[in-house]
Amino acid sequence: MRTLQSLLVLTIVFASVAFISNKKEGYKIGDKVENFTLKNVDGKMISLNDYKTKKGVIVVFTCNHCPYSKMYEDRIIALDKKFKNIGYPVVAINPNDPSVSLGDDFESMKDRAETKGFTFPYLFDDGQKVFPKFGATKTPHVFILNKNHNNNFILSYIGAIDDNARDAKNVKDRYVEKAISDLLEGTAPMITETKAIGCSIKTKK
Amino acid sequence: MISKILNSLLVLVFLVSCEQKVKKTSEIITNKDPFLSKNKIENTSITSTIPILNYDQLVPFLNKKDDKTYVVNFWATWCKPCVEELPAFEKLHSNYKDKNVEVLLVSLDFPNQIENHLIPFIKNRNLQPKVMVLDDPDQNKWINGIDKSWSGAIPATLIYNKNKRSFYEQSFDDNLLTKELQQFIN
């Protein structure tokens, strides 16, 4: 009888653990974002800490192959051009495992960055250690980091670039731009989380 | 004895309230499909009428209160993992369409690709489950409307009936999908 009870309790404990580990992890709004170092398409290593002289960073998980990423490429370049000089540059990261995501290998990343004339670093999450920390699930997926008075990067916005992926001309809400203009005024973004359809981040099963 | 019953109850309540993977070890489903080959021969022409809906028009299909269980898969022809998991949904449709289960494939293909991508895809594959296109730009509204936990990545699947509702932002294979469905129909 005792053994049976212990077994049942153990089952509950294991089930709980399995349940928790099944949940999505990652930084929440207000969390401090740790440093990361990844290789850029120009071969140089780039760290988040290299941006400590800026006000913040617009981190965009994106990739080559995803139609939604492609639809947003020009808008990501525009964001970088608009906000780089006032303290919020774009840093793009490809989170996909190229062995299961055709066209997302490092060489193809170089080609794409050159063809499109990316004005920002396009980093390769080699080994896929960085995207899980952010809790990124798809491409494109934007995370705005804002440097606080302690010189730490704080996650201030998660989500979409704007409210119309397919049709840039008919965008009504520019979520990222709004969040940054709030930050520039010294207040937390009014909208901190938005959603959009994207391609799931590709990992080996 | 009472505590034994209590413990069992606890486990039961926990299993019922939990999502997928937890049950993996406790349940073995035997799934023979004698009807599969027979059903493959069918060829109803669903391609001539693919409804294109906005979110408000889709909502009724996600909230039916009849006796059926609905398996709603969000996919697109351009989404590789979506296409890879389609066979699981086709098989489920074959095996369960006469057992009060309806599979609905909600395509997120772009409107300008319906004619030259989606329809040929459905025809070539002889795709049997019902297909609808969701065309609604305000994703921030309808993603949360479909499920608060959904980040927006596809593939994603909603299984529901009048008593129970679960959302899965993940890929399915045959076994896992059947196993999930069992929780709704048993």
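Throughout, residues of each chain are indexed from 1 in the direction in which the sequence is written. Written order determines the labels here, with chains lettered from A and ligands numbered from 1. The predicted origin of the model limits local features to residues at a pLDDT of at least 70 and limits the giving and counting of side-chain atom pairs to 80 or more, whereas totals for whole chains, interfaces and linings rest on all residues. Hydrogens and water molecules were not included; the side-chain quantities draw on all heavy atoms of the structure.

We now examine the overall build of chain B. In this description a helix means any DSSP run of H or I spanning at least four residues, a strand means any run of E spanning at least two, and both kinds are numbered starting from the N terminus. When its secondary structure is counted, chain B shows 7 helices and 7 strands. Of the regular secondary structure in chain B, the N- to C-terminal order runs α-α-β-α-β-α-β-α-β-α-β-β-β-α. Buried residues are those whose accessible area, probed at 1.4 Å on protein chains only, stays under 20% of the maximum for their type, while exposed residues exceed 50% and partly exposed ones sit between those limits. The buried share of chain B, reckoned over its 186 residues, is 51%. Counting contacts in chain B only where the partners sit at least 6 residues apart, residues at least 24 apart contribute 73% of the total. Shrake-Rupley sampling with a 1.4 Å probe provides the accessible areas, and residues are treated as covered by the protein chains on show and by no other component. Split by element, the accessible area of chain B, about 9,200 Å² in all, is 55% carbon and sulfur. In this analysis, two residues are considered to be in contact whenever any of their non-hydrogen atoms come within 4.5 Å of each other.

With that settled, consider the sheet that holds strand β3 (residues 101-107) of chain B. Residues and elements named next belong to chain B. Spatial ordering of the open sheet is given by β1-β4-β3-β2-β6-β7, a layout of 6 strands whose pairing is mixed. Edge positions in the sheet fall to β1 (52-53) and β7 (165-168), since each of these pairs with one other strand and no more. Whether two strands pair comes down to DSSP finding at least two bridges between them. In terms of strand pairing, strand β2 (residues 69-75) meets β3 through 7 bridges, oriented parallel. Residue pairing for β3: Val 72 is matched across the bridge by Leu 104. Helix-sheet contacts for helix α4 (residues 80-96) involve β2, β3 and β6 (156-160), and the interaxial angle to β2 is about 160°. Convention adopted: a line fitted to C-alpha atoms gives each axis, helices being fitted over their contacting stretch, and angles between N-to-C directions are expressed from 0 to 180 degrees.

Right, let's talk about the confidence of the model for chain B for a bit. Residue and element names in this part refer to chain B. Mean pLDDT over chain B stands at 82; residues scoring 70 or higher make up 74%. Segment residues 9-47 is flagged for pLDDT under 50; beyond a separation of four residues in sequence, or across chains, it makes 53 contacts in the model. Per the prediction output, this complex has pTM 0.82; the corresponding ipTM is 0.85. The predictor attaches a confidence to each residue, called pLDDT, with possible values from 0 through 100.

Here we take up the state of the cysteines. Disulfide: a pair of cysteine sulfur atoms within 2.5 Å of each other. Summed over the entire model, instances satisfying the criterion amount to 2 disulfides over all chains. In this model, A:Cys66 is linked to A:Cys199 through a disulfide, with the two sulfur atoms separated by 2.0 Å. The chirality of the disulfide connecting A:Cys66 with A:Cys199 is right-handed, given an S-S dihedral of about 80°. In this pair, A:Cys66 is assigned in the loop between β3 (56-61) and α2 (67-83) and A:Cys199 in strand β9 (residues 198-200), connecting sequence segments 133 residues apart. Taking the relative accessible area as the measure of exposure, A:Cys66 reaches 0% and is therefore buried. Residue pairing for B:Cys79: its cysteine sulfur links by disulfide to B:Cys82, the two sulfurs lying 2.1 Å apart. Here the disulfide of B:Cys79 and B:Cys82 is right-handed, its torsion about the S-S bond being about 75°.

So, about the packing of α4(B) against helix α7 (residues 174-185) of chain B. All names here are of chain B. The interhelical angle for the contact between α4 and α7, taken along N-to-C directions, is 45°, at an axis separation of 9 Å. Judged by the inter-axis angle, α4 sits oblique to α7. Our pair here, α4 against α7, has a crossing hand that is right-handed. In this structure, α4 contributes Ala 88, Phe 89, Lys 91, Leu 92 and Tyr 96 to the contact, and α7 contributes Asp 174, Leu 177, Thr 178, Leu 181, Gln 182 and Ile 185. For this classification, the nonpolar set comprises Ala, Val, Leu, Ile, Met, Phe, Trp, Tyr, Cys and Pro, the charged set comprises Asp, Glu, Lys and Arg, and every other residue, Gly included, is treated as polar. Partitioning the contact of α4 with α7 into residue classes produces 7 nonpolar, 2 polar and 2 charged. Should an angle fall under 35 degrees it is taken as roughly parallel, and over 145 as roughly antiparallel, whereas 65 to 115 is taken as roughly perpendicular and any remaining angle as oblique. Note on convention: near helix rotated counterclockwise from far helix by under a right angle means a left-handed crossing. Clockwise means right-handed.

Another point: the sheet that holds strand β8 (residues 153-159) of chain A. All names here are of chain A. If you walk across this open sheet you meet the 7 strands as β2-β1-β5-β4-β3-β7-β8, and the pairing is mixed. Lying at the two open borders of the sheet, with one neighbouring strand each, are β2 (45-47) and β8. Ignoring strand direction, the axes of neighbouring strands in this sheet form an average angle of 35°.

All names here are of chain B. Burial of β3 is extensive: 7 of the 7 residues sit out of reach of the surface. Burial of β3 is two-sided: the residues Val 101, Val 103, Leu 105 and Ser 107 facing one way and the residues Glu 102, Leu 104 and Val 106 facing the other way are all buried. Crossover handedness is defined by viewing with both strands directed away from the observer: a clockwise path from the first strand over the helix to the second marks the crossover as right-handed. Since β2 and β3 lie parallel, the crossover through α4 that links them has a hand, and here it is right-handed. Sheet analysis places β3 next to strand β4 (residues 130-134), joined by 4 bridges and oriented parallel. Looking at β4, one finds that Leu 104 is bridged to Lys 130.

Below, the discussion takes up α7(B). Because an α-helix packs 3.6 residues into every turn, residues spaced three or four apart end up facing the same way. Residue and element names in this part refer to chain B. Between its first and last C-alpha atoms α7 spans 16 Å; for 12 residues at 1.5 Å apiece the expected length is 16 Å, and the two agree. Along α7, 9 of the 12 residues are buried, which leaves the element largely enclosed by surrounding structure. All of the buried residues along α7 are Leu 176, Leu 177, Thr 178, Lys 179, Glu 180, Leu 181, Gln 182, Gln 183 and Phe 184. Contacts from the buried residues of α7 go to β2, α4, β3, β6 and β7. Put simply, Asp 173 is the residue that caps the front of α7, since its side-chain oxygen is 3.2 Å from the backbone nitrogen of Asn 175. A helix is expected to span 1.5 Å multiplied by its residue count minus one. By the criterion applied in these results, polar contacts are pairs of N or O atoms within 3.5 Å in which, for protein atoms, one can donate a hydrogen and the other can accept it, and in which residues neighboring in sequence qualify only through two side-chain atoms.

Glancing now at the environment of A:Lys202. Positionally, A:Lys202 belongs in the segment after β9. Taking relative accessible area as the criterion, A:Lys202 reaches 9% and is therefore assigned buried. When the C-alpha atoms of A:Lys202 and A:Gly186 are compared, they prove to be 37 Å apart, with 16 residues separating the residues in sequence. In contact with A:Lys202, other than residues within four places in its own chain, are A:His65, A:Pro95, A:Asn96, A:Asp97, A:Val100, A:Ser101, A:Gln128 and B:Pro81. Engagement of the side chain of A:Lys202 in a polar contact is seen with the backbone oxygen of A:Ser200, the distance being 2.6 Å.

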